[in-house]
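Okay, here's what each chain looks like letter by letter:
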Amino acid sequence: MAQLSDTWTITIANQGSGRFSVDAQRPLLDTLEEHGVDLPYGCRYGGCITCAAKLTAGAVDQAEQVALNNRQIANGYVVLCVARPTSDCTLEVGVDSHDKLYRNPFLDPLEPHELKPDIATPIGES
Ligand code: FES
């Protein structure tokens, strides 16, 4: 049975590092900002990818996000404005963590399995 917790410990592995106790019910962007972590952001609703960070350990719930494709998720990316921790986590944050976030679509196009699930399968097929 999964452990339930009100708080989780978030370790920032880059940008000077740090460990912070955060509310499990709130987006990581909000709680880390309250701890003084300087993070990039744009829309704050999971649509623009600006706040993407690389999750190197742990797990989050980011079901609300619409910005990331499956390749980016497989490379560990989470969008902090909607991601809520479901365990202790280690993150690399900011543009320093974006080395695998963007790919040239002409040189390295997405394969069907790397698309978002809702657009990877034509309507009527499942
Ligand atoms: S700020 Fe736009 S996806 Fe997080």
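Conventions adopted
- Residues numbered from 1 in each chain as written.
- Predicted model: local features only at pLDDT ≥ 70, side-chain atom pairs only at ≥ 80, totals over all residues.
- Heavy atoms only, no water.
- Helix = DSSP H or I, 4+ residues; strand = E, 2+ residues; numbered from the N terminus.
- Buried < 20%, exposed > 50% of the residue type's maximum accessible area, 1.4 Å probe, protein only.
- Salt bridge = Lys/Arg side-chain N within 4 Å of Asp/Glu carboxyl O.
- Pairing = 2+ DSSP bridges.

1. Here we look at unusual backbone geometry
Trans is the common state for peptide bonds, and a negative phi is the common state for residues other than glycine. The backbone of Gln 15 shows a phi angle near 50°, a positive value even though the residue is not glycine. Relative to the assigned elements, Gln 15 resides in the loop between β1 (7-12) and β2 (18-23). Overall, the relative accessible area of 44% leaves Gln 15 in the partly exposed class. In the Ramachandran plot, Ile 49 falls in the positive-phi region, its phi being about 80° despite a non-glycine side chain. Residue position: Ile 49 is located in the loop between α1 (28-34) and β3 (52-57). Judged by relative accessible area, which is 11%, Ile 49 ranks as buried.

2. What about the pattern of salt bridges?
What the rule picks out here adds up to eight salt bridges. Between Glu 34 and Arg 26 there is a salt bridge, and its shortest N-O distance comes to 2.7 Å. As a salt-bridge pair, Glu 114 and Arg 71 come within 3.0 Å of each other at their nearest N and O atoms. Note that Glu 114 is positioned in the loop between β7 (89-92) and α3 (117-120) and Arg 71 in helix α2 (residues 70-74), a separation of 43 residues in sequence. Side by side, Glu 114 and Arg 71 carry an identical accessibility label, which is buried. Here the salt bridges do not stand alone but share partners, grouping Arg 71, Arg 103, Asp 108 and Glu 114 into one network.

3. Observations concerning the pairing of β7
Of the two faces of β7, the one lined by Cys 89 and Leu 91 is fully buried and the one lined by Thr 90 and Glu 92 carries no buried residue. Taken together, the three bridges between β1 and β7 define a ladder with parallel strand orientation. Counterpart to Thr 11 in the pairing with β7 is Thr 90. Of the pairings in the sheet, the one linking β3 to β7 comprises three bridges and is antiparallel in character.

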